[in-house]
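Geometric and topological summary
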Amino acid sequence: MSSRSNYSLYTPYGSREAGGAHHGGYKGVPKEAEVDVLTEMLVQSLDGHADADSYGICVKCGDRVIGENSGCTAMNQIYHIECFTCCQCQINLQGKPFYAVEDKPYCEDDYLNTLEKCSVCVKPILERILRATGKPYHPGCFCCIVCGKSLDGIPFTVDATNQIHCIEDFHKLVN
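Calculation notes
- Residues numbered from 1 in each chain as written.
- Predicted model: local features only at pLDDT ≥ 70, side-chain atom pairs only at ≥ 80, totals over all residues.
- Heavy atoms only, no water.
- UniProt positions renumbered as here; feature names shortened; annotations may be inferred.
- Phe/Tyr/Trp six-rings, centres within 6.5 Å; stacked < 30°, edge-to-face > 60°.
- Helix = DSSP H or I, 4+ residues; strand = E, 2+ residues; numbered from the N terminus.
- Buried < 20%, exposed > 50% of the residue type's maximum accessible area, 1.4 Å probe, protein only.
- Core = buried A, V, L, I, M, F, W, Y, C linked by side-chain atoms within 4.5 Å.

As annotated in an unreviewed UniProt entry, the protein chain carries the name LIM zinc-binding domain-containing protein and comes from Lutzomyia longipalpis. According to UniProt, the comment filed for the protein chain under the heading Sequence similarities (unreviewed entry) is "Belongs to the zyxin/ajuba family."

**Some points on the packing of aromatic side chains**
This structure, assessed with the given rule, holds five aromatic pairs. An angle of 90 degrees between the planes, with centres 5.0 Å apart, marks the rings of F84 and F98 as edge-to-face. Residue F84 is found in the loop between β5 (77–80) and β6 (99–101), and its partner F98 is found in the loop between β5 and β6; the two are separated by 14 residues along the sequence. Each member of the pair, F84 as well as F98, carries the same accessibility label: buried.

**Structural notes on the environment of A74**
Of note, A74 is situated in strand β4 (residues 71–74). With a relative accessible area of 0%, A74 lands in the buried category. Residues A74 and F98 lie 24 residues apart in sequence; the distance between their C-alpha atoms is 9.6 Å.

**Some points on the nonpolar core**
In terms of nonpolar packing, the biggest core is built from 15 residues, with C58, A74, M75, Y79, F84, L93 and F98 touching the most fellow members. Sorting the residues of this core by element identifies β4 and β5 as the ones contributing at least two each.

Below, the structure written as structure tokens:
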């Protein structure tokens with residue numbers, strides 16, 4: 001699997017440190033809205049009417065996350081459980097593996113669609129990408145078309161039709 005996996009980052013909201021409110025980043029929420037919510041929470045706290053079940057602002061919808069088990073944290077952000085969805089297909093990601101790409105959550109299928117595809121087998125490249133002749137390859141797919149020998153790290157050449165050959169087979173072909 002890719003190092004971009006975030007399997008362990010999903011955590012249901014429900015526990016707060018004693019005596020303190022949660023202070024996560026409110027990335028994506030306008031600063032004015034953040035200030036308004038924090039000011040309201042401060043005023044309520046001073047008036048003795050603080051909402052003890054408020055955990056912060058949902059980064060997706062901008063509303064407060066209120067009540068135990070109504071929110072979650074992922075990618076160091078706060079979400080309502082119903083707001084934590086794949087940015088492509090909108091499937092709910094609660095309790096499911098997801099991947100963060102440019103601070104956006106993706107389900108596994110949509111994440112795989114963001115990856116480069118091998119020019120030979122057309123499958124996503126999950127590990128090291130070998131680039132040759134301007135195309136991406138899995139290292140195991142980059143082979144001589146004549147003998148099938150892997151050309152990863154080995155000198156190669158291409159013929160007039162842009163087919164990949166090891167040096168030995170290319171010389172046999174032109175002689």
